[in-house]
Protein chains: 2
Amino acid sequence: MQATLTSKTALTAEHIKLFINLLGENYVLFDQESLHDYGHDQTEHLLFLPEVVLKPRTTEEISEIMKICNANGIPVTPRGGGTGLSGGALPHLGGVVLSTERLNTILSIDEKNLQVTTEPGVITEVLQETVKEKGLFYPPDPSSKGSCFIGGNIAENSGGPKAVKYGVVKDYVLNLEVVLPTGDVIWTGANVLKNSTGYNLTQLVVGSEGTLGIVTKIVLKLIPLPKYDLLMLVPFTSLEKAGEAVSAIFRAGFTPSALELVEYDALKITAAMVDSTAVQVTDDTAAHLIIEVDGNHMDALMSEMESISELLTQFDCGEVYFADDAQQKAELWKLRRRAAEAVKLQGYTIEEDTVVPRAELPKLIRGVKELGRQYDFHAVCYGHAGDGNLHIRIKKEGLQNSQDDPQMVQCLRALFELVKNLGGTISGEHGIGLVQKGYMDIVFSNTQLQIMRDIKKVFDPNNILNAGKIF
Amino acid sequence: MQATLTSKTALTAEHIKLFINLLGENYVLFDQESLHDYGHDQTEHLLFLPEVVLKPRTTEEISEIMKICNANGIPVTPRGGGTGLSGGALPHLGGVVLSTERLNTILSIDEKNLQVTTEPGVITEVLQETVKEKGLFYPPDPSSKGSCFIGGNIAENSGGPKAVKYGVVKDYVLNLEVVLPTGDVIWTGANVLKNSTGYNLTQLVVGSEGTLGIVTKIVLKLIPLPKYDLLMLVPFTSLEKAGEAVSAIFRAGFTPSALELVEYDALKITAAMVDSTAVQVTDDTAAHLIIEVDGNHMDALMSEMESISELLTQFDCGEVYFADDAQQKAELWKLRRRAAEAVKLQGYTIEEDTVVPRAELPKLIRGVKELGRQYDFHAVCYGHAGDGNLHIRIKKEGLQNSQDDPQMVQCLRALFELVKNLGGTISGEHGIGLVQKGYMDIVFSNTQLQIMRDIKKVFDPNNILNAGKIF
């Protein structure tokens, strides 16, 4: 119990005893290895040790924990799968990490109303596969879907490739059970598809990055699973032309179920890592678009894919590669989904999650490259081009964290200024968390930020829950 | 200026002078006729006279008005098209009615990014038709679309028939310019399709019924206009069977672009009012479903309609009527859209806007009929069955307003208790406003209501903007 005795917060050995009484000693961890395990997520190379890790099983236990922490001013950082890219789950103030990993049950699938009720610690892909067995579809699918938790997706308002047709997490959340920082438990809405009954507390909690409450039950809307999909990979000799093609597809009246962009370098690095030969990457390729359409009528999909292919010839695209079967599709998606991991291993440790109106993508890409020359860094871009959501992975010699280097901070300010001038904003799906909060003044006025701070106070008067995140 | 001298609020002749200096005397009205015109909306038979009606033209003017009212504690009720059904625009405290009718310009249509930026005083149908000319589609289409304002739609989070496939207003709002009660002007977000940057102020303002700020600019997402649609009308001998059929359609994997239910009485009354012979209404019909599918591939749509028709035969439906051309479709939609007006003229003056998970519709309908017998009223039901959103129009001899009669209040409490027990809530698309606020305790705890009140305080510390609405 030594760790807690040197506490930098109000946490004491007495509180630890209370937690052990509440949860049992197996679920109250404060050995160094555990503190280390729960001290980082996927954000750059950042580590902040908590003082204790709590693993409650129920809403009631979480409520009790919050009452203790609220009464004693102990910081609490909620944590899902630990796959976050903005540091939302980093316990930078020490105190308690509250892991939702044991709230991992899918509570019910309502096939009559196309709804699922789940606990937050269920892995997103597990949820998707489970409802798929019933012919149902929960579309939001972040790249980390094999390890991230649905609760974390709610916290960050995650997106993923399907968002371009099907929307993001917020578009599927009907109702949430939330433990407030005071320990009170509320539902945010009702299990209905339309709701004009009071302020939309559901949408306020979605994307609030675990700062307003701890989500303990989630009711999601499901839709019928489309019967068919088609997938193709299209190479472009120019990154900007690829960006222009994205906008043209929508202007021509098509709504693909995925429209992803992957820059040449990112694809090459990822193909090498996953040892894939599915795609021949050649040096005259600058970027690829991955385009998927889905629906219930194969003829219609074939016709759409043909029309899109034809349209793309106006943008200097190379030979289109159609994924012929499930295996080829899986291979292509693997290349896209593992890009972040692959380029991170190659030293691209800093990731930004910019989003602009989609027609502004070419300008954003041009701007990123220009900043790279100016500030002497390498960048690879990939992401959800159909939504204008571009992930920018940055590699700079000797630099692991964006916050350690004043020049990198200056560079990121320039990047976000550009994004703002293009009508965009800082984060499309990763959240602000810890690493982007220093840039919020670029996109928000004091008045806006003060409203957010005051809303935080309404939920968390003692500022104990994930304090110091977002703003 | 006599009217203002007998003011029951802090409004004085001096303030009126300030308003005239600001707006010009043409846009500051306080004659009895104007006060009467702006003293009611479409909610039951309710009239509350304001003390002055202001018609600003710009954000800046609205900001100045709010500064004056905020400094002096003068109640302000914002007003759009005056088509509201819950009393959100009723100036029940007197003071200022602030009409947005002169902010009626569509500012820009961004065809590259599929967005429109508009002022709030544009009529919804005008907006829809204008973007349609560019091949673009703004789906939310309340029945009042020919006279309601897009700003009012934002305030109430309106829906309409297309919501079942395309979502409600909140699903299309990307960004809002809002004048706060203090006179400060903010934008709530950014013009992007995905956004995880701070709390979702946009979604907090949508559906807040003009209590948090006055929306002065609106950025909406648009989608490509589907090329084709097909429409059919299906009679059922049992209202409950019609309700069961609704749920079955979705469970079979179909997503119609509209799925409306109209009870026999409502259709008959409406057909008589609009002098339509399009539909043969016979006494063995209990209700109709109006079913629309849309998309870009006619073959696929034909096949879907056939499959749906076949499915419906399991629910004792009568002969299906297909609308063959644009005129027949328009005729059918007219019957649906004018139902509220028609039955209101027949004395059905009280309208509720219940919403339940869609498979619970038969139970809700059964419950309404039972309540009718118990409390001695007639009810006709119609609405957006695909969303579980049922409008219930009530006619009781000698009663024009739901609030005037303790027995009706008791009856509505029973109705909303039923709705809650079915997993539903009070309002799906009309808002709470003035007439439903007495029932909020049925669906929300004190904790939830207190959070909403505290959020209201964050935006409106002096409680001057549409005070006394919702809660």
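Residues numbered from 1 in each chain as written. Chains lettered and ligands numbered in written order. Predicted model: local features only at pLDDT ≥ 70, side-chain atom pairs only at ≥ 80, totals over all residues. Heavy atoms only, no water.

**Here's the deal with the relation of the copies chain A and chain B**
Okay, so step 1: Least-squares fitting of chain A to chain B yields an RMSD of 0.0 Å, with the superposition described by an axial translation of 0.0 Å and a rotation of 180 degrees. What we have between these two chains is a two-fold relation. (Least-squares fit on C-alpha atoms with pLDDT ≥ 70 in both.)

**Focus on the packing of helix α9 (residues 239–251) of chain A against helix α11 (residues 298–312) of chain A**
To describe two helices that pack against each other, one gives the angle between their axes and the distance between the axes.
All names here are of chain A.
Okay, so step 1: Between α9 and α11, whose axes approach to 10 Å, the crossing angle comes to 135 degrees. Between α9 and α11, the interaxial angle falls into the category oblique. The interaxial crossing formed by α9 with α11 has right-handed handedness. Counting all contacts with α9, which are made through A245, A248 and I249, the residues of α11 involved are I308, L311 and L312.
Okay, so step 2: Taken together, the residues of the contact of α9 with α11 sort by class into six nonpolar, no polar and no charged. (Axes fitted to C-alpha atoms, helices over the stretch in contact; angles between N-to-C directions. Helix = DSSP H or I, 4+ residues; strand = E, 2+ residues; numbered from the N terminus. Parallel < 35°, antiparallel > 145°, perpendicular 65-115°, else oblique. Left-handed = near helix turned anticlockwise from the far one by under 90°. Contact = heavy atoms within 4.5 Å. Nonpolar A, V, L, I, M, F, W, Y, C, P; charged D, E, K, R; others polar.)

**Examining the pairing of strand β14 (residues 287–295) of chain B**
All names here are of chain B.
Okay, so step 1: With nine of its nine residues buried, β14 lies for the most part within the structure.
Okay, so step 2: Burial along β14 is two-sided: A287, L289, I291, V293 and G295 and H288, I290, E292 and D294, pointing in opposite directions, are all buried.
Okay, so step 3: With nine bridges joining them, strand β12 (residues 228–236) and β14 adopt antiparallel strand pairing. The partner of L231 across the bridge, within β14, is E292.
Okay, so step 4: Taken together, the six bridges between strand β13 (residues 258–263) and β14 define a ladder with antiparallel strand orientation. Paired with L259 across the bridge in β14 is I291. (Buried < 20%, exposed > 50% of the residue type's maximum accessible area, 1.4 Å probe, protein only. Pairing = 2+ DSSP bridges.)

**Description of the domain arrangement of chain A**
All names here are of chain A.
Okay, so step 1: By the assigned domains, chain A splits into domain 1 (2–99), domain 2 (106–224), domain 3 (228–340) and domain 4 (347–431).
Okay, so step 2: Contacts between domain 2 and domain 4 engage nine residues on the former and seven residues on the latter.
Okay, so step 3: Summing the contributions of domain 2 and of domain 4, the shared interface buries around 530 Å²; its carbon and sulfur component is 45%.
Okay, so step 4: Linking domain 2 with domain 4 are zero salt bridges.
Okay, so step 5: Where domain 2 packs against domain 4, one counts three residue pairs in polar contact (both at pLDDT 80 or more). (Domains from an automatic or database assignment. Buried area = accessible area lost by both parts, 1.4 Å probe. Salt bridge = Lys/Arg side-chain N within 4 Å of Asp/Glu carboxyl O. Polar contact = N/O pair within 3.5 Å; in protein donor to acceptor, adjacent residues only side chain to side chain.)

**Thoughts on the sheet that holds strand β12 (residues 228–236) of chain A**
Residues and elements named next belong to chain A.
Okay, so step 1: Spatially, β15-β12-β14-β13-β17-β18-β16 is the arrangement adopted by the seven strands of the open sheet, whose pairing is antiparallel. Here the strands that pair on one side only, and so sit at the sheet edges, are β15 (321–322) and β16 (350–355).
Okay, so step 2: Strands in contact with helix α10 (residues 264–274) are β13 (258–263), β14 (287–295) and β17 (378–384); relative to β13, the strand with the most contacts, it is inclined by about 85 degrees.

**A look at the packing of aromatic side chains**
Residue and element names in this part refer to chain A.
Okay, so step 1: On inspection of all chains with the given rule, the structure shows eight aromatic pairs over all chains.
Okay, so step 2: Both rings, one in F137 and one in Y166, keep their centres 5.2 Å apart while their planes meet at 85 degrees; by these two values the pair is edge-to-face. Note that F137 is positioned in strand β7 (residues 136–137) and Y166 in helix α7 (residues 163–166), a separation of 29 residues in sequence. Residues F137 and Y166 agree in their burial class; the two are buried. (Phe/Tyr/Trp six-rings, centres within 6.5 Å; stacked < 30°, edge-to-face > 60°.)

**Comments concerning a nonpolar patch on the surface**
Residues and elements named next belong to chain A.
Okay, so step 1: Taken together, Y228, M298 and M302 make up a surface patch of nonpolar side chains, about 250 Å² in accessible area.
Okay, so step 2: Here M298 shows up in helix α11.
Okay, so step 3: Among the residues examined, M298 registers a relative accessible area of 31% and is labelled partly exposed. (Patch = residues over 30% accessible without salt bridge, like charges linked within 9 Å, V, L, I, M, F, W, Y side chains within 5 Å. Areas by Shrake-Rupley, 256 points an atom, 1.4 Å probe, with all protein chains shown as cover.)

**Points about the interface of chain A and chain B**
Okay, so step 1: The partner chain B presents 83 residues to the 83 residues of chain A that form the contact.
Okay, so step 2: A combined buried area of about 6,100 Å² lies between chain A and chain B, and 61% of that area is made up of carbon and sulfur atoms.
Okay, so step 3: Looking only at chain A, the three residues that lose the most surface to chain B are K194, S196 and Y199 of chain A, adding up to 16% of its buried area.
Okay, so step 4: Taken together, chain A and chain B are joined by four salt bridges.
Okay, so step 5: Inspection of the chain A/chain B interface yields 30 residue pairs in polar contact (both at pLDDT 80 or more).
Okay, so step 6: If you list the elements that add at least two residues to the side of chain A that touches chain B, you get β9 (185–187), α8 (201–205), α9, α11, α16 (440–443) and α17 (446–459) of chain A.

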